[in-house]
Every structure is written in structure tokens, then in C-alpha cells.
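Residue-level structural notes
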Amino acid sequence: MTLYRPPAPWPSGPLRSLLRVVLRGERNLLSLLPLPAYRMRIGRLGWSRRGIVMVNDPALVSEVLRDPQQMYPKNDLMVDALQALVGDSMFVCSGANWQRQRAMIEPAFALMRIDRVFDGMAQAVDEQVARLELAACDGTLLSLDAMLSRLTADIVCRAIFSVPLASATAYRVFEDFLVFERSCANVDIGRMIFARPWTATSQTAAVQSACQRIRAQIGCLLDQHQQTRAQQPASAAVPPDLAQMLVEARDPASGQGFTREELIDQLGVFFLAGHETTASALTWAFFVLAMQPALASRLRAEVAAQRLLTGGVLDPAALRQLSFTRNVFREALRLYPPITFLPRVALRDGQLGPCRIRRGNMIMIAPWTLHRHADFWDNPDCFDPDRFVSGLDRAHAAGAYIPFGQGPRVCVGAAFASLEATLILARLGECFSFTVQAPERVRPAARLTTRPEQEILISVGLLERAAAGPSVRPESLRWSQMKAS
Ligand code: HEM
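Below or above, wherever it landed, is the structure these notes cover. (Residues numbered from 1 in each chain as written. Predicted model: local features only at pLDDT ≥ 70, side-chain atom pairs only at ≥ 80, totals over all residues. Heavy atoms only, no water.)

**Describing the overall build of the protein chain**
Counting its secondary structure elements, the protein chain contains 18 helices and 11 strands. Across its three principal directions, the C-alpha atoms of the protein chain cover 60 × 60 × 45 Å. Expressed as a percentage of contacts within the protein chain between residues at least 6 apart in sequence, the contacts between residues at least 24 apart total 77%. Accessible surface for the protein chain amounts to roughly 20,000 Å². Of this, 56% is attributable to carbon and sulfur atoms. Positive and negative side-chain charges in the protein chain, numbering 53 and 45 respectively, have mean positions lying 5 Å apart. (Helix = DSSP H or I, 4+ residues; strand = E, 2+ residues; numbered from the N terminus. Contact = heavy atoms within 4.5 Å. Areas by Shrake-Rupley, 256 points an atom, 1.4 Å probe, with all protein chains shown as cover. Lys, Arg positive; Asp, Glu negative; His and termini not counted. Charge placed at Lys NZ, Arg CZ, Asp CG, Glu CD.)

**Description of the pairing of strand S2 (residues 52-55)**
Covered by surrounding structure in S2 are Ile52 and Met54 together with Val53 and Val55, the residues of both alternating faces. One ladder, built from three bridges, connects strand S1 (residues 42-44) with S2; its direction is antiparallel. Pairing of Arg44 across the sheet is with Val53, part of S2. Sheet analysis places S2 next to strand S7 (residues 362-365), joined by four bridges and oriented parallel. (Buried < 20%, exposed > 50% of the residue type's maximum accessible area, 1.4 Å probe, protein only. Pairing = 2+ DSSP bridges.)

**Quick look at the packing of aromatic side chains**
Tallied over the full model, the rule gives 11 aromatic pairs. Seen in terms of ring centroids, Trp47 and Phe194 are 6.3 Å apart; in terms of plane orientation they differ by 45 degrees. Their pairing is tilted. Of this pair, Trp47 sits in the loop between S1 and S2 while Phe194 is found in helix H10 (residues 189-194), placing the two residues 147 residues apart along the sequence. Here Phe194 falls in the partly exposed class, since its relative accessible area comes to 38%. Ring centres of Trp377 and Tyr401 lie 6.1 Å apart, and the angle between their planes is 70 degrees; this geometry places the pair in the edge-to-face category. With Trp377 in the loop between helix H17 (367-370) and helix H18 (414-431) and Tyr401 in the loop between H17 and H18, the pair connects residues that are 24 residues apart, well separated along the chain. The structure contains a cluster of three or more aromatic residues connected by ring pairs, namely Trp284, Phe287, Tyr336 and Trp368. Here the basic side chain of Arg5 rests over the ring of Trp10, its NZ or CZ set 4.0 Å away from the ring centre. Taking NZ or CZ as reference, Arg372 lies 4.2 Å from the ring centre of Trp368, over its face. (Phe/Tyr/Trp six-rings, centres within 6.5 Å; stacked < 30°, edge-to-face > 60°. Lys NZ or Arg CZ within 6 Å of the ring centre and 35° of its normal.)

**Some words on the site of the ligand**
In the vicinity of the ligand there are 27 residues, among which Lys74, Trp98, Arg102, Arg344 and Cys411 approach most closely. Backbone polar atom of Met90 to an oxygen atom of the ligand: 3.5 Å apart, as the coordinates give it. Considering each element in turn, the shell around the ligand owes the most residues, six residues, to helix H13 (residues 260-291). Residues that form the shell around the ligand fall into these classes: 18 nonpolar, five polar and four charged. (Near = heavy atom within 4 Å. Polar contact = N/O pair within 3.5 Å; in protein donor to acceptor, adjacent residues only side chain to side chain. Nonpolar A, V, L, I, M, F, W, Y, C, P; charged D, E, K, R; others polar.)

**Some details on the coordination of the iron atom of the ligand**
No protein donor other than Cys411 (SG) coordinates the iron atom of the ligand, and that contact is at 2.3 Å. Mapping Cys411 onto the fold places it in the loop between H17 and H18. (Donors = N, O, S within 2.8 Å, 3.2 Å for Na, K, Ca; no water.)

**Side note on the pairing of strand S8 (residues 432-436)**
Only one face of S8 is covered, namely the face carrying Phe432, Phe434 and Val436; the face carrying Ser433 and Thr435 is uncovered. Here five bridges tie S8 to strand S11 (residues 457-462), and the two strands are oriented antiparallel to one another. Considered in S11, the bridge of Phe432 is made with Leu462.

**Considering the sheet that holds strand S3 (residues 142-143)**
As summarised here, the arrangement of the three strands in space is S3-S11-S8, forming an open sheet in which the pairing is antiparallel. In the strand order of this sheet, the two ends are held by S3 and S8, each with one partner. Bridge count between S3 and S11: two bridges; the pairing is antiparallel. Across the sheet, residue Ser143 finds its bridge partner in S11, namely Leu457.

All we've got here are geometric facts, nothing functional implied.
In C-alpha cells, the structure reads:
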């Protein structure tokens, strides 16, 4: 069987890449990665004032991400890109401040009751199915990426605040996130190449004002949330959502809770990290399924068989049995890791494997290149969900698959995202077929997450009514904005 190679840039030489930045103002870091970046285990990459060390060796990746000597905090370029939005929150800070925040937040995720979160997820997906039924009937062209961003934003909004995205304030937060996402890259390429490390810069006025609006609106959502909870009778015993868990989180050492500003920082991270990432991976998964109908049929058959076993129910236990569906998600995370790069900066001179490290060097850990490295993967550029079936394929080298990061800073939302993605793939996959317009023009770009350079337009075909699930009508007409622009 010939495996499918989904879109990816063809790497060029280092000099050509540099010229494309200087002459053409290229902003997509993915299309600039030169061939050696995909082949080396560790080495210096191209020319840059700060010095970029690319690390693709699983043992050295682990050394950097575990960072026992506190030598490699988050890179200043990435911190600067996000700070206007998420302040000094857990995602960007390092050292003692990060340790305190992680110790306060981790228990909230550990205690999060999956059945409670799942109800919100399932409801949001049912509403999406109803919207897509309408789109299928009237032949509307949709933007695949925008549709999935709205759906995952709806899900995370319900998990955090117990309100759907349809609430006016929540929807405004989402719209401003779009402004932020479109104008902001994880790593500013010009600064990466030409600026010294730790050179302070600020975001554009448009991004700064979008961030201020987002923070103000998150503050409103938090206040409304607290008022609603205060009005509930003590006997109601409403289980806590993520916002409430953050409000109640205490520093194990001092007993102090988060200040209001810190709460807004953390809620901003949950909103951003909690929907952009999952939407990114799902966009690529649905794109591949649309291009490979045989994979889509296998997925549908698996879901139908599972429904037969469970009397039509698709609850978390049933979803856990959908191994092919989950492997489609895993493979999308491998080929299109939502967080394309995990850049760090060296605080001191030192040694990393064979490489001498200088203070200020950018240490580039790239799930993108690690996941496509021929030393660790068979047919590295091809989409093959079965590579994750144990025993079927050469097992990938331990530590060569890091879509959720690794070590103490590993993603806190991995279990949440995996459940959500399996549910969305199963439900939309069983009900609809998608046809991509001009698939030859689809190219990945490294923005805040790994996204298509231009929106992917799709038409929707109805395979079967969502008879097994409840039929819910769309709550908000504003969602008609998911139509292609
Ligand atoms: C497919 C979905 C997701 C992917 C691929 C993903 C990926 C990642 C990665 C790679 C990191 C580590 C970053 C680094 O070391 O530089 C991370 C951290 C984080 N993620 Fe996720 N994430 C996903 C979903 C979520 C969700 C749903 C949430 C919350 C609801 C979330 C919240 C966070 C937070 C708070 C951190 C910071 C952890 C720390 O620094 O201690 N993520 N994520």
C-alpha cells in the first residue's frame, strides 16, 4: 500500500533560507528550516547573532526539557510574544515562580472530574453536528480551521467557566484571540536572526490592545462566574470547574491563593493553550481524512462497531476503545505538532552532548523535526496511524515523540485534549464527509501553533443523521461566521 505524504515544505539550503528572510521578509519558520535541521542530532543552525543550537537527539532533548540545573528557561522570544496576553503565568515563567504556580495548578487538573468536563464537551459537539447538518443541506463552504477553533474554544470555555462560547463576553474573548493569533508568531524570525538575546521589544499596538481587551473580558467572565457561584444555595453542591479550582488553589508553602491579576494570567493561558492547540491538530487530521477516504471509512467503521457494543453510547469508556481513531489523532500530532517549536535559552556557558553552549544561545527543540527524523521513524513524512499499533511497526525511539512536551513542564491538559479530540473525530467522522477545495494549495505554517498558511475551505456531505446522539439546534446564529470569509 502506498502511504500518503501530506503537505510539508521541501527544505532548502541555509544560505537560501537566510536570503528569503532578508529579501522576501519570509515569516514562516517552517519553510525556512534547512535540510540539516532534519538530519542532525545536534548542531548549530544557519547564521544568527544569538547562535541557534538545534537538538534532535532524544537523550539531549530530555536533558534540556528536564533541566535539572535550571540552565534552559523558556526562550525570551517566545516569552515576549506571549507576555502581553498571559503576563508572568505558568506557561512562560521559569524557576521558583513556575514551581509555585505548577504546584498550585497541577492538583486542579488531577482532581478534574472527567465525567463533568465530558458533559460540556459532548454538548458542544452535538451542537456542532447540528450546525454542520445545516451547512451540508445548504451547500455552504466552510473554513475547516475556523470551525474547529470555535468548537474547541466552546469546549474549553465550558470547562473553565461552565458557560458556552455563545455567551456574549466569551465570544468577544474568542474574537480577540483570533486577532492575537493572526498577528503573532511563536518566534519572531527577524529578531531570532539579527537581535542579541534578551533585547526587549514590544508587540504592535493592535496586538497590545487586543490583549488588553482579552484580559478585561476574562476579568468580567471571572467576576460573573464568582457572582453566579455565590448565588447558588449551599445545598446545590455544584462541582468546581477550572475557574473555581484556580480560585481555590493555594500555595502549599505559604497558603496564599492567586491574586486577581494572576488568575487572569492563568485563565488566559488555559483559554489559549486549551483551544488553539487541539484545533490545530484536528485541522490536519480532518484534512488528511478528507484526502484519504479509506482512512475515513476505517474510522467510521470503528465508531459504528463500538456503538453496536455499547448500545449506541459514546462515553469516555467507549471512546477509550477507539484505538484507530486515537491513532489518527496521534499521527496528526506527530506530523503537525501544534506547538511546532519549544525554544529555550541558555542562561550560562556549558556543554550539551558534543556541543559547546554559550550564554544566550537559543536551544531549539523542535517537535516538528524530531517527529520527522529518519533515524527514529519509518517513512517519516507519511501519514500512517498504524505505526502506533504496538508490534506492527518499528517502535519509534523512546523520547522521539513529544507533542505534549516532556519532563516537569509537560502539558497539564494532555488527557483533556486527547479525550476531546477522540470525541470530535468520532462524532464528526461518523456523520460527515468533507471535501477540500484546492487541496494542492494547502501548506503548513508555524504561527502561534502549526496552522495552514491560508484557511482550508471545505464543503460538507451528510453521511448519516446524528441519530445516535441527541439532536440539538444551534444556539447562536453568530456561529454562522464559521462560513469561509
Ligand atoms: C493537542 C492539544 C495540546 C498540545 C499539543 C499541547 C502541547 C503542549 C506542550 C508541548 C507544552 C509544553 C511547552 C514547553 O515545554 O515549552 C504544553 C504546556 C502546557 N499546556 Fe498544553 N497542549 C495541548 C492542550 C492543552 C490543553 C487542553 C490545556 C488546558 C486546558 C493545556 C494547557 C497547558 C499549560 C497550562 C501548559 C504549561 C505547563 C507548564 O509550563 O508547566 N494544553 N502544552
